[in-house]
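Here is how the chains run, residue by residue.
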Amino acid sequence: MLLELRGIKKSFGATHALAGIDFSLEKGQIHAVCGENGAGKSTLMKVIDGILQPDAGQLLMEGSPIRIKDPGHAAELGISLVHQEISLCGCATVAENIFMCEVNQSKRLLMDYAALQVRAQQIIQRLGKDIDTATLVENLSLSNQQLVEIAKALALDCKILILDEPTAALTEVESESLFKILHELANAGIGIIYISHRMAEIFEHCSHVTVLRDGASVFTGKIQDTTADELIKKMVGRELGAYYPEKSQTIGTRPLLEVTSISDADRVHAVSLQIMPGEILGIAGLMGAGRSEIAKVICGITPQCGGTVTMNGAPVDTRTYQKALAHGIAYLSEDRKSEGVFLELPIQSNIASMALARVQSKFFTVDPAKETEQAQRLGQKLKLKASSVAANADSLSGGNQQKVAIAKLLATNPKIVFMDEPTRGVDVGAKAEIHQVLRQLCNEGVGVVVISSELPEIIGLCDRTIVIRNGSVAGELRAEATTEESILRMASGLKQESEQ
């Protein structure tokens, strides 16, 4: 056995994150670990990587008991972890990030950076990508940063590779390149722990699966002996019910928001769209097509170079995000770590941060009682799992951090919300809950726009979909005509007319 965990326990105060976990990994195995956000997946991986020390239990590697002191010690043992949240050094180059451990540990007076870049380029090319390894990481897109994270792990001569939601920010082509490499590594005897909420990936590429729930292992077995529905039921511990809420039966005819020929200086070209009352509008397209850029221009986050925005028939000024927010137009970023939440602030302060006037006292300071009440009310609406709204956001799982980011938007009492990848890195149970909230907002009269790279989400959730290609609208699809094939045909340029 390559890796074995026996009775691993870990608590944070009164919270039992791991309640006696047993887990094993064999050489050449791609072993999926799944469960709801907060089930203990990330905590368990941090124990394996030496970031956290277990309170009880034993770890064995190739049959010998070990104590992994820290991530550096884990790397020496041949354990490499690719985190869900990107943790690169933005002011360093791609090559420097990939070989960061080597650069730090080198005793040479001078480092051969040219040779470093060549080696880094070889690893990047294995992932089917052409990224200039001399580029600063902060200048890369989110998907390319994720590839650098993966390349950083591949650069280590590891025996165990842990991947936490590695495809969340990748295109289909990039994901396929990654899976090809993972199977090559498995064939070479490397054990791979694969954490994902995407059932299709687990069933296509993994041989074994372990399900965690409430800090305990509730199932381990071969993929071929179970089904996606059975795994989901084990993860949530209940019947999930309808994964997507019922679609709208009544859609208005007068637009809540109308955008005409809006452009920016680079990626967005004369985009026009309407958001109708009673519908959830989807924005789909290939990675890099300009989906997020369109939302950011409409919301005034990036400068507008032309076009108009009207709400309920009246022109509005959205040239800055502050002005857009004043009109009730809010944007949820796809990158919750750097733009969604303040990790070191309490949950209640995060939620209040975009609309402080709503929790203001008569002395123009924050009223703690109002702040707490608001956070508890919105947290209850989103089914937020937290010990207290006074706890810091960094104490939450990724999915619950996403709920805080959404609550932060709802605290502004928006009229229009642009939700960019609202369920990225969120478990199936929390996804269904967020979908229900979005439909509820829509039914309450809020204009809801969902940008998603997950086509099943677009198809299952949205009443109408606009497909983006090269920064322009390639076509429009009504719910009954929306399929993965129809979206991809438009997104790839094979079909650009509107389908009704």
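Residues numbered from 1 in each chain as written. Predicted model: local features only at pLDDT ≥ 70, side-chain atom pairs only at ≥ 80, totals over all residues. Heavy atoms only, no water.

Asker: Lay out the environment of D264 in plain terms, naming residues and giving numbers.
Answerer: Relative to the helices and strands, D264 is located in the loop between strand 11 (257–263) and strand 12 (271–275). D264 sits in the buried class, given a relative accessible area of 15%. Sequence separation of D264 and E293 is 29 residues, and the distance between their C-alpha atoms is 8.7 Å. Here D264 is in contact with V297, P303 and C305, once residues within four sequence places are set aside. Looking at D264, its side chain comes within polar contact range of the main-chain nitrogen of R267, at 2.8 Å. A polar side-chain atom of D264 sits 2.8 Å from the main-chain amide nitrogen of V268. (Helix = DSSP H or I, 4+ residues; strand = E, 2+ residues; numbered from the N terminus. Buried < 20%, exposed > 50% of the residue type's maximum accessible area, 1.4 Å probe, protein only. Contact = heavy atoms within 4.5 Å. Polar contact = N/O pair within 3.5 Å; in protein donor to acceptor, adjacent residues only side chain to side chain.)

Asker: Tell me about the packing of aromatic side chains, and name the residues and values.
Answerer: Taken as a whole and judged by the stated rule, the model has one aromatic pair. A centroid spacing of 6.0 Å and a plane angle of 50 degrees characterise the contact between F179 and Y194, whose relative ring orientation is tilted. Here F179 is found in helix 7 (residues 172–187), whereas its partner Y194 is found in strand 8 (residues 191–195), with 15 residues between them in sequence. Looking at R119, its charged tip hangs above the ring of F99, at a distance of 4.3 Å from the centre. The ring of F219 has K234 sitting right over it, with the charged end atom 4.8 Å from the ring centre. (Phe/Tyr/Trp six-rings, centres within 6.5 Å; stacked < 30°, edge-to-face > 60°. Lys NZ or Arg CZ within 6 Å of the ring centre and 35° of its normal.)

Asker: Before we move on, could you go through the pairing of strand 14 (residues 306–311) and cite the residues and values that matter?
Answerer: Of the strand pairs in this sheet, strand 11 and strand 14 are connected by five bridges, and their pairing is antiparallel. Bridging across to strand 14, E258 finds its partner in T310. Where strand 14 and strand 15 (residues 314–315) come together, two bridges link them in antiparallel fashion. From the neighbouring strand, M311 faces strand 15, where its bridge partner is A314. Where strand 14 hands over to strand 15, the hairpin turn is made up of two residues, of which N312 adopts a positive phi near 50 degrees. (Pairing = 2+ DSSP bridges.)

Asker: Quick rundown of the packing of helix 6 (residues 142–154) against helix 7? Include the residues and the values.
Answerer: Closest axis-to-axis distance for the helix 6/helix 7 pair is 12 Å, and the angle between their directions is 10 degrees. Judged by the inter-axis angle, helix 6 sits roughly parallel to helix 7. Here S143, N144, L147, I150 and L154 of helix 6 lie close against helix 7, whose contacting residues are E174, L178, I181 and L185. Taken together, the residues of the contact of helix 6 with helix 7 break down into six nonpolar, two polar and one charged. (Axes fitted to C-alpha atoms, helices over the stretch in contact; angles between N-to-C directions. Parallel < 35°, antiparallel > 145°, perpendicular 65-115°, else oblique. Nonpolar A, V, L, I, M, F, W, Y, C, P; charged D, E, K, R; others polar.)

Asker: Before we move on, can you summarise the packing of helix 15 (residues 398–410) against helix 16 (residues 428–443) with the specific residues and values?
Answerer: Packing of helix 15 against helix 16 brings their axes to within 12 Å, and their N-to-C directions diverge by 10 degrees. Between helix 15 and helix 16, the angle falls in the class roughly parallel. Residues K403, I406 and L410 of helix 15 form the contact with helix 16, whose participating residues are A430, E433, I434, V437 and L441. Residues of the contact of helix 15 with helix 16, tallied by class, amount to six nonpolar, no polar and two charged.

Asker: Talk me through the side chain of D264; I want residue IDs and the actual numbers.
Answerer: Nearest to the buried, unbridged D264 among oppositely charged side chains is R267, at 6.9 Å. Of note is the side chain of D264, whose polar atom sits 2.8 Å from the backbone nitrogen of D266. (Lys, Arg positive; Asp, Glu negative; His and termini not counted. Salt bridge = Lys/Arg side-chain N within 4 Å of Asp/Glu carboxyl O.)

Asker: Pulling in residues and values, what's your account of helix 15?
Answerer: With 13 residues, helix 15 should reach 18 Å at 1.5 Å per residue; the first-to-last C-alpha distance of 19 Å fits that figure. Burial within helix 15 is extensive, with 13 of its 13 residues counted as buried. (Expected span 1.5 Å × (residues − 1).)

Asker: Give a detailed account of the pattern of salt bridges, specifying residues and quantitative values.
Answerer: Pairing between side chains of opposite charge can happen when the charged atoms of each approach one another. Within this structure, the stated rule accounts for 21 salt bridges. Across the salt bridge formed by K10 and D55, the nearest N and O atoms sit 3.7 Å from each other. Note that K10 is positioned in strand 1 (residues 3–12) and D55 in the loop between helix 1 (41–48) and strand 4 (56–61), a separation of 45 residues in sequence. Given a relative accessible area of 12%, K10 falls into the buried group. For D55, a relative accessible area of 48% corresponds to the partly exposed category.

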